[in-house]
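# Structural characterization, general
Given next are the chains, with one letter for each unit.
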Amino acid sequence: MAPGKPGLATTRTNSQSGVGELRIIGGDWRSRLLRFPDAGGVRPTPARTRETLFNWLNFHIAGSHCLDLFAGSGALGLEALSRGAARVTLIDHTPALARSLRDNLRLLKSEKGDVHCQDVESYLGTRQGAPFDIVFMDPPFRQSWLERLFPLLESGQWVRPGGWVYVEHESELTTPAAPHAWQLHRQKTAGQVTYSLYRVNPESE
């Protein structure tokens, strides 16, 4: 994930120990405090943004299969599990963060999360299993990730028709053009971040 943003931090990072803290804000694990290494420029989605996102997805999380690309601290994927997702696949290429995600799943006594220590483009380059109901995508900023990944998600049919795609990007940039079958459902800007929720057209093939 991209470096932190002034005024939007919702985790505390101890610069001496190199450890960050993340608090789950809803669901079965509400208020649980989790720790993760300060590695790979991890930038967890702030609590206020998560609250807005999961309000948007309120009736779609329970029983869903989710893909958390650039999982980092697990802020989005673990929050989804806490709120009733049936399965979450978490992708992060930083070994220390992947280990931390597995450790936190064990701490939460959850067997519903699959962690892959892998580059996102490599993962999306090989079609695996059924399409997901929800995809979370909070990539590093200023690296044009969305422009590269939108076509991969569409061509690989990673999201089922009627499913949802959540993305974050720096607010100084125009939101990249989404695939034709994706309909912008909600969008909001908070400080330096713009976050958007798309719905894949139920009639798309």
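Everything quoted here is computed from the prediction, not taken from an experiment. (Residues numbered from 1 in each chain as written. Predicted model: local features only at pLDDT ≥ 70, side-chain atom pairs only at ≥ 80, totals over all residues. Heavy atoms only, no water.)

## A few points about the packing of aromatic side chains
- For the structure on display, the rule yields ten aromatic pairs.
- Between the aromatic rings of F70 and W145, the centroid separation amounts to 5.0 Å while the plane-to-plane angle is 70°, which identifies the pairing as edge-to-face. With F70 in the loop between β4 (65–69) and α2 (75–82) and W145 in helix α5 (residues 145–155), the pair connects residues that are 75 residues apart, well separated along the chain. For the pair formed by F70 and W145, the shared burial category is buried.
- By way of ring pairs, the aromatic residues F54, W56, F136, Y166 and Y195 are connected into one cluster.
- Here the guanidinium or amino end of R148 rests over the ring plane of W145, the centre of that ring lying 4.1 Å away. (Phe/Tyr/Trp six-rings, centres within 6.5 Å; stacked < 30°, edge-to-face > 60°. Helix = DSSP H or I, 4+ residues; strand = E, 2+ residues; numbered from the N terminus. Buried < 20%, exposed > 50% of the residue type's maximum accessible area, 1.4 Å probe, protein only. Lys NZ or Arg CZ within 6 Å of the ring centre and 35° of its normal.)

## A few points about the sheet that holds strand β6 (residues 113–116)
- Overall, mixed pairing links the seven strands, which are arranged β6-β5-β4-β7-β8-β10-β9 in an open sheet. Of all the strands in the sheet, just β6 and β9 (182–190) have a single pairing partner and so form its edges. Looking at each pair of strands side by side, their axes are set apart by 15° on average, direction ignored.
- Direction of pairing for strand β8 (residues 159–170) relative to strand β10 (residues 193–200): antiparallel, over a ladder of seven bridges. (Pairing = 2+ DSSP bridges. Axes fitted to C-alpha atoms, helices over the stretch in contact; angles between N-to-C directions.)

## Overview of unusual backbone geometry
- We note that K109 has phi near 55°; this positive angle belongs to a residue other than glycine.
- Of note, K109 is situated in the loop between α3 (95–107) and β6.
- Exposure remark for K109: the relative accessible area of 77% places this residue in the exposed category.
- One non-glycine residue, Q157, lies in positive phi territory at about 50°.
- One can find Q157 in the loop between α5 and β8.

## Concerning the pattern of salt bridges
- Taken as a whole and assessed by the stated rule, the structure comprises nine salt bridges.
- A salt bridge links D103 to R106; its shortest N-O distance comes to 2.4 Å. Of this pair, D103 and R106 both sit in helix α3, three residues apart, which is roughly one turn of the helix.
- Overall, the relative accessible area of 41% leaves D103 in the partly exposed class.
- Note that E172 is salt-bridged to R142, the shortest N-O span being 2.8 Å. Of this pair, E172 sits in the loop between β8 and β9 while R142 sits in the loop between β7 (132–137) and α5, placing them 30 residues apart in sequence.
- In this structure E172 comes out as partly exposed when scored by relative accessible area, which is 49%.
- The exposed category is assigned to R142, whose relative accessible area is 56%.
- Residues joined by salt bridges that share partners form a network here, namely R50, E51, E79 and R83. (Salt bridge = Lys/Arg side-chain N within 4 Å of Asp/Glu carboxyl O.)

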